[in-house]
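Topology and contacts: notes
Each chain, written out:
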Amino acid sequence: AKTFAMVTGKPLIPVNHVLAHMYANFINDKQINESNKLTITFPAISLVVSGGHTELYLMKSVKDVQWLGGTIDDAAGEAFDKTARLLGFENRGGIAIQEAAKKYQVSGIPSASLRAGKYQGKLPRPMINDETLSFSFSGLKTAIVRETEKYKTMKQWNDETINAIAFEVQEAIADVLVEKTLRSARQYNAKSILLSGGVAANLRLREKFSSKLDARSPKLALHVPLIDLCTDNAVYIGSYAYFRGIPVDWHRVSAQPDLSVEECSSSYLGNAS
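About the criteria used
- Residues numbered from 1 in each chain as written.
- Predicted model: local features only at pLDDT ≥ 70, side-chain atom pairs only at ≥ 80, totals over all residues.
- Heavy atoms only, no water.
- Helix = DSSP H or I, 4+ residues; strand = E, 2+ residues; numbered from the N terminus.
- Buried < 20%, exposed > 50% of the residue type's maximum accessible area, 1.4 Å probe, protein only.
- Contact = heavy atoms within 4.5 Å.
- Axes fitted to C-alpha atoms, helices over the stretch in contact; angles between N-to-C directions.
- Parallel < 35°, antiparallel > 145°, perpendicular 65-115°, else oblique.
- Left-handed = near helix turned anticlockwise from the far one by under 90°.
- Nonpolar A, V, L, I, M, F, W, Y, C, P; charged D, E, K, R; others polar.
- Core = buried A, V, L, I, M, F, W, Y, C linked by side-chain atoms within 4.5 Å.
- Salt bridge = Lys/Arg side-chain N within 4 Å of Asp/Glu carboxyl O.
- Pairing = 2+ DSSP bridges.
- Expected span 1.5 Å × (residues − 1).
- Arc of directions from axis to C-beta.

What follows is about the overall build of the protein. Counting its regular elements, the protein contains 9 helices and 5 strands. Of all 273 residues assigned to the protein, the portion counted as buried reaches 49%. Partitioning the intrachain contacts of the protein with sequence separation of at least 6 by distance along the chain shows that 72% fall at a separation of at least 24.

See below:
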């Protein structure tokens, strides 16, 4: 990138890709009105949830971003990925969990086998009642391992059990993400909620957010990127650069592989204050 900037004379804008995820919400045509102004209202709570991160931010404006809390161990996306491998879906991750959970929903809840006692699992919702804005999914992963081992030992490991566990895992993760995000929205009197990151593509998570907002916070507006813009892509990087990026002399730029997601303002990211 430094070489391109030097040769072409183009500006070089350093980007923290975790922060950039939230700017996928600013490139949907629905977020721009006829006056070419953003329709997202501030303050907004931004949940960035992916395989490596589960972070909550307060956005006071397009440029003024404050980290509120995040995972203290494993991210939500990592819990999805681990579960997918345990259930035999290899590396298909969250999309495989979503598909299996959907099959369980279609079959009816509770299904015949659930009523017969073949699957009666209830997974924990880690830290859902904790007053902090922190997340933790390592304990959930441990509980999922116990569930799979238990039903394999009972010789009740079949497609319906797998689908049922996938459903419960998805419900548990979504419940925690929704509750913590809504709590932060109330705490900071937010007018909007922004979802982003790979896990934001999960349809059940979107559904739960929509239903909870309609029931408990009808004045809160929910913004979610197009599904194709949730996973890592160049488009949201460009969006971040447009709305918040500050060109830096390429001589001064060096890659920072350990760049913190908590530090939202630096000489490389543009001083939000």
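Still more ground to cover, so stick around.
Put simply, helix H7 (residues 159-187) and helix H8 (residues 203-216) touch, their axes get as near as 10 Å, and they point 40° apart. Of the possible angle classes, the one that applies to H7 and H8 is oblique. The handedness of the crossing between H7 and H8 comes out as right-handed. Contacts from Gln170, Glu171, Ala174, Asp175, Leu177, Val178, Glu179, Thr181, Leu182 and Arg186 of H7 reach H8 at Arg204, Leu205, Lys208, Phe209, Lys212, Leu213 and Arg216. Of the residues that constitute the contact of H7 with H8, the class distribution is 7 nonpolar, 2 polar and 8 charged.

What follows deals with unusual backbone geometry. A cis geometry characterises the amide bond from Phe42 onward to Pro43, with omega recorded as 5°. Within the fold, Pro43 resides in the loop between helix H2 (17-21) and strand S1 (44-49). Unusually for a residue other than glycine, Met127 sits at a positive phi of about 60°. With phi around 50°, Asn189 is a residue other than glycine that occupies positive phi space. Relative to the elements of secondary structure, Asn189 occurs in the loop between H7 and strand S4 (192-196).

Okay, the nonpolar core next. Judged by nonpolar contacts, the single largest core of 45 residues is most densely connected at Leu47, Phe137, Ile173, Leu177 and Ile193. Elements supplying a minimum of two residues to this core: S1, strand S2 (54-59), helix H3 (76-86), helix H4 (93-107), helix H6 (138-153), H7, S4 and H8. The contact partners of Leu47, leaving out residues within four places of it in the chain, are Thr54, Glu55, Leu56, Phe135, Leu177, Thr181, Leu194, Leu195, Ser196 and Phe209. Listed in part, the 20 residues of the second largest apolar core include Met22, Phe26, Val62 and Tyr240.

This next bit is on the pattern of salt bridges. Throughout the structure, instances matching the rule amount to 13 salt bridges. Between Lys141 and Asp74 there is a salt bridge, and its shortest N-O distance comes to 3.0 Å. Here Asp74 lies in the loop between strand S3 (65-70) and H3 and Lys141 lies in helix H6, a separation of 67 residues in the sequence. Both residues of the pair, Lys141 and Asp74, belong to the buried class.

The sheet built from 5 strands is open, its strands ordered S3-S2-S1-S4-S5 with mixed pairing. The open sheet has two free edges, formed respectively by S3 and strand S5 (221-223), since each of these has just one partner strand. Averaged over all neighbouring strand pairs, the angle between strand axes comes to 20°, with direction disregarded. For S2 and S3, the ladder comprises 5 bridges, and the chain directions are antiparallel.

The subject of this paragraph is H6. In an α-helix there are 3.6 residues to a turn, and that puts residues three or four apart on one side. Given a rise of 1.5 Å per residue, 16 residues ought to cover 22 Å, and the 23 Å separating the end C-alpha atoms of H6 matches this to within 8%. Burial in H6 covers these residues: Leu140, Lys141, Ala143, Ile144, Glu147, Thr148 and Tyr151. All buried residues of H6 project into a common sector of 160° when viewed along the axis, lining one side. Exposed positions of H6 whose direction lies more than 90 degrees from the buried face are Arg146 and Thr153. Those residues of H6 hidden inside the fold are in contact with H3 and H7. Looking one or two residues beyond H6, the residue adopting positive phi is Lys155, at roughly 60°.

So, on to the side chain of Thr161. Here Thr161 shows up in helix H7. Classification of Thr161 by relative accessible area gives buried; the value is 2%.

Turning to the pairing of S1, a few remarks are in order. With respect to burial, S1 is a largely interior element, 6 of its 6 residues being buried. Residues Ala44, Ser46 and Val48 point to one face of S1 and Ile45, Leu47 and Val49 to the other, with burial holding for every one of them. As defined by bridge partners, S1 adjoins S2 across 6 bridges and the pair is classed as antiparallel. Among the inter-strand pairings, Val48 is bridged to a residue of S2, identified as Glu55. Between S1 and the antiparallel strand that follows it, S2, lie 4 residues.

Our next topic: the packing of H6 against H7. The description of two packed helices rests on the angle between their axes and on the distance between the axes. Two elements in contact, H6 and H7, have axes separated by 11 Å at closest approach and are oriented at 165°. The angle between H6 and H7 places the two elements in the roughly antiparallel class. Viewed along their axes, H6 and H7 form a crossing whose handedness is right-handed. Residues Leu140, Ile144, Glu147, Thr148 and Tyr151 of H6 form the contact with H7, whose own contacting residues are Thr161, Ile165, Val169, Ala172 and Ile173. Tallied by class, the residues present in the contact of H6 with H7 amount to 7 nonpolar, 2 polar and 1 charged.

Functional significance is not addressed by these values, which are geometric in nature.
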